[in-house]
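# Working through the structure, step by step
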Amino acid sequence: MSLDPPTYLASLQSNIRQRPIPWDGAVRAGTLTEDQLARIRAVDKVKKDARKQTVEADLDGYRLLFVGGPGTKSVLELAAKHQNVVQYILVLLTDLLDTIPALSKALLKSGDPYRHFLPLLAHSSNTDDPIPLITSTVLVSLMAGSRDESAATVDKAQPLVFSYLASLTKNSDAGLQDIGVQEYSALLYARSTRKQFWSQRSETVAPLIDILRAAAGVRENDASASLWSGATGNARSGFEGSLGGGVGLQLLYHVLLVMWQLSFEAADVGDELNSEYDIVLLYTQLLRLSPKEKTTRLLISTLYNLLVANQNTLLPTAVLARLPSLLQNVGGRQLADPDLQEDLAKLRELLEEYTKTKTTFDEYVGEVNSGHLRWSPPHRNAVFWAENARKILDHDNGDLVRKLAQIMDKPWDNDKAVLAIACNDIGCLVREVPERRSQLEKIGLKKRVMELMGEGDENVRWESLRALGGWLQYSFDK
């Protein structure tokens, strides 16, 4: 999918193209050779058709010009000390790569096509130095134009490019963020490149999630808790072009596009994407706020890709997040996009088939497996516990109560309600199946409940006291 270049980058490239370069003096100074200058002039400031014809007729010559070869230095090597020439050559090469696909493949025939470019990504830590930025654009155009999946590209060059682009997405400047995100999108052209992107997710994906959380109005210090509780800030701003956290609509769209591309690997990344970033819950919140069909389409399509590939683990979370009722509301809108209509219908059908056969017990299992408890109906329902307490203790050879213990082991500093709910559930299990108390004690639940009696949160203290009361009652009765 081709995207318009970000305004800042287009303006920077335009300014560099317009700068006069004393080419003849550069040749006399040994900054480049006569042959190199002849090739530059043959394609500089000429019509695209003529430029394309010239390069395609001399692919080996232009390969040597830009990446060199045995016994032949590239123009970037010769001009390394002349920043104006290096900048000009990088922009010229980007222009050629964007319009002449054959050149990308020709450059990759070199033994190490990236050796002169990768060091330029670390040319300077000064944000005013344009060389790292325009170098990244060259590298992205080279990789995306050739759709190369060789080890030299995926294992050696891309990790460095992804790291550099990650520094842009973490920048406070929305223009630089957008450049980084759009260049990510251009690079996710194959499964191997998406896998590399995911393997660097602490650098690549995490900042994108931060942007999405800001757009959803989620508090930074307790994202998971605020999503589950619905306590998000006011994500809509007072004007059309921006959402929560000052996230512009175009930046939001481009981030969603990258995440949609990543969702093609949902079978491999879906579970971790949800466990690490609460992606199903976050996307459900974003869907409530989505201001345009184009963002709604990407949200729906990404959710479908994730859920259809991870039905056992992610469908329960989607139901807990109340996605089915939200999709019903979305379906009531006047939607003009046929792709959006089709994906929405498929997602609704998937969820309807799942909920048709699921019981309240299944919902409870899904909630515990999600790792985050909320005051959903089963917790306070005496009939539910009377009918299901033993099943909960037996489920997966006791795995469900072990997961409950894992939830209780966390401090939940930003969402103490989770601990109160867990104590409530433990108390219900003890009251309904008192003869199985030892099963809970062996995995440390009685000890943890006693510890929580000293919690600062009043609700946690009350629920832990109630739970311990069950133990004490049956201990005395015994």
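Residues numbered from 1 in each chain as written. Predicted model: local features only at pLDDT ≥ 70, side-chain atom pairs only at ≥ 80, totals over all residues. Heavy atoms only, no water.

Taking an unreviewed UniProt entry as the reference, the chain is identified by name as V-type proton ATPase subunit H belonging to Lasiosphaeria ovina. Its UniProt record gives the chain the following Subunit (unreviewed entry) comment, quoted word for word: "V-ATPase is a heteromultimeric enzyme made up of two complexes: the ATP-hydrolytic V1 complex and the proton translocation V0 complex." What the UniProt record of the chain gives under Sequence similarities (unreviewed entry) is the line "Belongs to the V-ATPase H subunit family." (UniProt positions renumbered as here; feature names shortened; annotations may be inferred.)

## Some words on helix 7 (residues 83-99)
Taking 1.5 Å per residue, 17 residues should reach 24 Å; helix 7 reaches 25 Å between its end C-alpha atoms and fits that length. Where burial is concerned, most of helix 7 is hidden: 13 out of the 17 residues are buried. (Helix = DSSP H or I, 4+ residues; strand = E, 2+ residues; numbered from the N terminus. Expected span 1.5 Å × (residues − 1). Buried < 20%, exposed > 50% of the residue type's maximum accessible area, 1.4 Å probe, protein only.)

## Looking at the side chain of serine 185
Mapping serine 185 onto the fold places it in helix 12 (residues 174-187). At 2.8 Å, the side chain of serine 185 and the side chain of glutamine 261 are in polar contact. (Polar contact = N/O pair within 3.5 Å; in protein donor to acceptor, adjacent residues only side chain to side chain.)

## Remarks on the packing of helix 25 (residues 399-409) against helix 28 (residues 445-452)
Relative to each other, helix 25 and helix 28 sit at 30°, their axes nearing to 11 Å. With respect to their mutual orientation, helix 25 and helix 28 come out roughly parallel. You can see that helix 25 and helix 28 cross each other, and the crossing is left-handed. On helix 28, the residues touching Val401, Ala405, Met408 and Asp409 of helix 25 are Leu445, Arg448, Val449 and Leu452. (Axes fitted to C-alpha atoms, helices over the stretch in contact; angles between N-to-C directions. Parallel < 35°, antiparallel > 145°, perpendicular 65-115°, else oblique. Left-handed = near helix turned anticlockwise from the far one by under 90°. Contact = heavy atoms within 4.5 Å.)

## Looking at the environment of asparagine 312
Counting through the fold element by element, asparagine 312 comes out in helix 20 (residues 311-320). Residue asparagine 312 is classed as exposed on the basis of its relative accessible area of 75%.

## A word on the environment of valine 86
As for its position among the elements, valine 86 is in helix 7. Excluding its chain neighbours within four sequence positions, the residues that come into contact with valine 86 are Leu76, Ala79, Ala80, Leu120 and Ile131.

## Digging into helix 18 (residues 279-289)
Among the 11 residues in helix 18, 10 count as buried, and that is most of the element. Residues of helix 18 that are buried: Ile279, Val280, Leu281, Leu282, Tyr283, Thr284, Gln285, Leu286, Leu287 and Leu289.

## A word on the packing of aromatic side chains
Summed over all chains, the structure comprises 8 aromatic pairs. Ring geometry for tyrosine 184 versus phenylalanine 197: centroids 4.9 Å apart, planes at 75°, classification edge-to-face. Of this pair, tyrosine 184 sits in helix 12 while phenylalanine 197 sits in helix 13 (residues 191-199), and the two are 13 residues apart along the sequence. Grouping residues by exposure puts tyrosine 184 and phenylalanine 197 together as buried. (Phe/Tyr/Trp six-rings, centres within 6.5 Å; stacked < 30°, edge-to-face > 60°.)

## Looking at unusual backbone geometry
Notably, arginine 147 is not glycine yet its phi reads approximately 50°, a positive angle. Looking at where arginine 147 falls in the secondary structure, it is placed in the loop between helix 10 (131-146) and helix 11 (151-169). We note that arginine 322 has phi near 65°; this positive angle belongs to a residue other than glycine. Judged by relative accessible area, arginine 322 falls into the partly exposed class, the value being 47%.

## Brief notes about the packing of helix 14 (residues 205-216) against helix 16 (residues 249-262)
Relative placement of two packed helices is described by the angle separating their axes and the distance separating the axes. Between helix 14 and helix 16, the shortest axis-to-axis distance is 10 Å and the interhelical angle comes to 130°. Of the possible angle classes, the one that applies to helix 14 and helix 16 is oblique. Our pair here, helix 14 against helix 16, has a crossing hand that is left-handed. Taking contact as the criterion, the partners of Val205, Leu208, Ile209, Ile211, Leu212 and Ala215 in helix 14 are, on helix 16, Leu251, Leu252, Val255, Leu256, Val258, Met259 and Leu262.

## So, the environment of threonine 153
Tracing the backbone shows threonine 153 in helix 11. Put simply, threonine 153 and methionine 143 are 10 residues apart on the chain and 7.3 Å apart in space, counted from C-alpha to C-alpha. Apart from residues lying up to four places away in sequence, threonine 153 is in contact with Leu108, Tyr114, Met143, Asp148, Gln158, Pro159 and Tyr189.

## Section: the pattern of salt bridges
The tally for this structure, following the rule as stated, stands at 24 salt bridges. Between arginine 41 and aspartate 24 there is a salt bridge whose closest N-O contact spans 3.3 Å. You can see arginine 41 sitting in helix 3 (residues 34-43) and its partner aspartate 24 sitting in helix 2 (residues 23-28), a full 17 residues away along the chain. The exposure class of arginine 41 is partly exposed, given its relative accessible area of 44%. (Salt bridge = Lys/Arg side-chain N within 4 Å of Asp/Glu carboxyl O.)

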